[in-house]
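Tertiary structure, described
Each chain, written out:
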Amino acid sequence: MNQQVSAGIISTGSFLPEKVLSNEDLEKMVETSSEWICSRTGIRERRIAEKDISASDLAVRAAERALERSGLSADQLDLIIVATITPDMFFPSTACIVQDRIGARKAAAFDISAACTGFVYGLTIAEQFIKLKTYRYVLVVGVEVLSKIVDWSDRNTCILFGDGAGAAIVGPVQPGKGIQYSHLRADGSGGDLLKVPAGGSKIPCSRDSLENGLHFLKMSGKDIFKFAVKVMEDSTRDAMEACALKVTDIDLLIPHQANLRIIHSGAKRLNLPPEKVWINIDRFGNISAASIPVALDEAVTSGKVREDSLVVLLGFGAGLTWGVNVLRW
Ligand code: UT7
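This one's a predicted model, so the numbers in the text were calculated from it and none came from an experiment.

Points about the pattern of salt bridges
One pass over the full model with this rule turns up 11 salt bridges. Between Asp 75 and Arg 105 there is a salt bridge, and its shortest N-O distance comes to 2.4 Å. Here Asp 75, found in the loop between helix 3 (55–70) and strand 4 (79–83), pairs with Arg 105, found in the loop between helix 4 (94–102) and strand 5 (108–112); they are 30 residues apart in sequence, far enough to count as distant. For Asp 75, a relative accessible area of 25% translates into the label partly exposed. For Arg 105, a relative accessible area of 63% puts it in the exposed group. Residue Glu 233 is joined to Arg 237 by a salt bridge in which the shortest nitrogen-to-oxygen separation is 3.1 Å. Note that Glu 233 and Arg 237 are positioned in helix 8 (residues 221–242) at a spacing of 4 residues, about one turn of the helix. On the accessibility criterion, Glu 233 (16% relative accessible area) is buried.

A few points about the domain arrangement of the protein
For the protein, the assigned domains read domain 1 (6–175) and domain 2 (180–328). Just the C-alpha atoms count here: the centres of domain 1 and domain 2 sit 14 Å apart. Of the residues lining the interface, 46 residues belong to domain 1; the matching set on domain 2 comes to 43 residues. Per-residue buried area on domain 1 facing domain 2 is highest for Cys 116, Val 120 and Tyr 121; these three make up 17% of the total on that side. Linking domain 1 with domain 2 are 1 salt bridge. The salt bridge partner of Asp 297 is Arg 69, with a shortest N-O separation of 2.9 Å. At the boundary of domain 1 and domain 2, one finds 21 residue pairs in polar contact (both at pLDDT 80 or more). Secondary-structure elements contributing two or more residues to the side of domain 1 that touches domain 2 are strand 1 (6–15), helix 2 (34–41), strand 3 (45–47), helix 5 (118–131), strand 6 (138–145) and strand 7 (163–173). Examining the composition of the side of domain 1 that touches domain 2, we find that 7 residues originate from one element, helix 5, more than from any other. Partitioning the side of domain 1 that touches domain 2 into residue classes produces 21 nonpolar, 15 polar and 10 charged.

Quick notes on the site of the ligand
Contacts to the ligand come from 22 residues, most closely from Thr 32, Arg 40, Lys 222, Asn 259 and Asn 286. Within the contact set of the ligand, a nitrogen atom lies 3.4 Å away from a side-chain nitrogen or oxygen of Trp 36. Between the ligand and the protein, one listed contact pairs an oxygen atom with a side-chain N or O atom of Arg 40 at 2.8 Å. In the complex, 75% of the free accessible area of the ligand, which totals 960 Å², lies under the protein chains. Contributions of two or more residues to the shell around the ligand are made by helix 2, helix 6 (155–158), helix 8 and helix 9 (260–270). When residues of the shell around the ligand are assigned to their parent elements, the largest contribution, 4 residues, is made by helix 8. Here the shell around the ligand is built from residues that sort into 10 nonpolar, 7 polar and 5 charged. Two domains share the shell around the ligand, each providing at least three of its residues, namely domain 1 (6–175) and domain 2 (180–328).

A look at helix 3
Look at helix 3: 22 Å from first C-alpha to last across 16 residues, which is about the 22 Å you get at 1.5 Å a residue. Within helix 3, the full set of buried residues consists of Ala 55, Ser 56, Asp 57, Leu 58, Ala 59, Val 60, Ala 62, Ala 63, Ala 66, Leu 67 and Ser 70. Packed against the buried residues of helix 3 are strand 1, helix 4, strand 6 and strand 7. Within two residues after helix 3, Gly 71 carries a phi angle of roughly 80°, on the positive side.

A word on unusual backbone geometry
A cis geometry characterises the amide bond from Phe 91 onward to Pro 92, with omega recorded as 0°. Its location among the elements puts Pro 92 in the loop between strand 4 and helix 4. The peptide bond linking Gly 319 to Leu 320 adopts the cis configuration, its omega dihedral lying at -10°. Positionally, Leu 320 belongs in the loop between strand 12 (310–317) and strand 13 (321–328).

A few points about the packing of aromatic side chains
Geometry of an aromatic ring pair is reported as the spacing of the ring centres plus the angle between the planes. Inspection of every chain in the model, using the stated rule, returns 2 aromatic pairs. Here the aromatic rings of Phe 129 and Tyr 135 are separated by 4.9 Å at their centres, their planes lie at 45°, and the arrangement is tilted. Of the residues examined, Phe 129 reaches a relative accessible area of 25% and is grouped as partly exposed. The partly exposed category is assigned to Tyr 135, whose relative accessible area is 24%. Here the aromatic rings of Phe 227 and Trp 322 are separated by 5.6 Å at their centres, their planes lie at 75°, and the arrangement is edge-to-face. Of the two residues, Phe 227 sits in helix 8 while Trp 322 sits in strand 13, which places them 95 residues apart along the sequence. Just as Phe 227 is buried, Trp 322 falls in that class too.

Criteria and cut-off values
- Residues numbered from 1 in each chain as written.
- Predicted model: local features only at pLDDT ≥ 70, side-chain atom pairs only at ≥ 80, totals over all residues.
- Heavy atoms only, no water.
- Salt bridge = Lys/Arg side-chain N within 4 Å of Asp/Glu carboxyl O.
- Helix = DSSP H or I, 4+ residues; strand = E, 2+ residues; numbered from the N terminus.
- Buried < 20%, exposed > 50% of the residue type's maximum accessible area, 1.4 Å probe, protein only.
- Domains from an automatic or database assignment.
- Contact = heavy atoms within 4.5 Å.
- Buried area = accessible area lost by both parts, 1.4 Å probe.
- Polar contact = N/O pair within 3.5 Å; in protein donor to acceptor, adjacent residues only side chain to side chain.
- Nonpolar A, V, L, I, M, F, W, Y, C, P; charged D, E, K, R; others polar.
- Near = heavy atom within 4 Å.
- Areas by Shrake-Rupley, 256 points an atom, 1.4 Å probe, with all protein chains shown as cover.
- Expected span 1.5 Å × (residues − 1).
- Phe/Tyr/Trp six-rings, centres within 6.5 Å; stacked < 30°, edge-to-face > 60°.

Listed below in structure tokens is the structure:
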């Protein structure tokens, strides 16, 4: 009998590029104001990678930090999952590039594409492998270099996004600890609301696609906003119910950092006080798949997450996708 074990996060790590792009810098690039950006999004600044930096560069730095804190060596990793919508290239996967660069000689590796829900998807996949004892240690990385797919002349989108990476080592933990519950959802009918239209097999790269800016990220902000607020409330409530817990039992909610107004509306509907909701969008903007693991790493290293804390990770984004992990630390 293959008895299940509990899966949990053993350590975290993150890496943000040094270069800061402030709202004031953006005022010089597009017709906007720091006041508009702050009041409509909560963002004050974001990190931007240098031109020669790609997703794997950021992912490797975050992964190395997580590995160091885990006390494991790279060749103890069985699997590497990289969640990203800005991979180094179509293939090989960014996970394979990371696997080589950190020297994880015995690990399998693949990328997943679930946009801003990517880390929650990745963690949930890791959980299954560990619970079934297929693998013991899994590295999950959420990484984005969104600055490379943003249209820097489009004020509707360029003010929102940033670059960064967050990582977690997932492995077996004591019974009662670790991931208590996960759920993943998708609604592909909302796919057009947030996408990069060209560069794939539907609209391959051509002079025409380049001239029409189809390689840049396009977003219907208002529709995504409504979806996000609803998901934040519904998914958190559903997850608490599935765990036979109450929303008041949550010690820390780490939602995807897309817009401060989304986070505030969701938290208000859930009746969660500000000290129970992690916010870093003011400093990093929206870093898609990296958003939740970067926030988690901050919450862990700052001491906000402690032994026995009940932590809820909540992702939502392109696909549409959404999902939640409930963890007992
Ligand atoms: O991570 C994946 C999930 N993504 C999200 O969750 C994003 C969700 N959506 C949002 O965060 C918001 O919809 C935005 C921040 C993107 C936009 O905020 P909004 O309150 O929905 O603004 P809007 O798009 O309705 O635009 C309002 C006005 C427009 O002007 P008019 O048409 O009313 O004259 C825009 O042209 O604000 C204008 N505007 C700007 N003005 C100054 C749009 N962007 C800017 C800007 N600076 N950067």
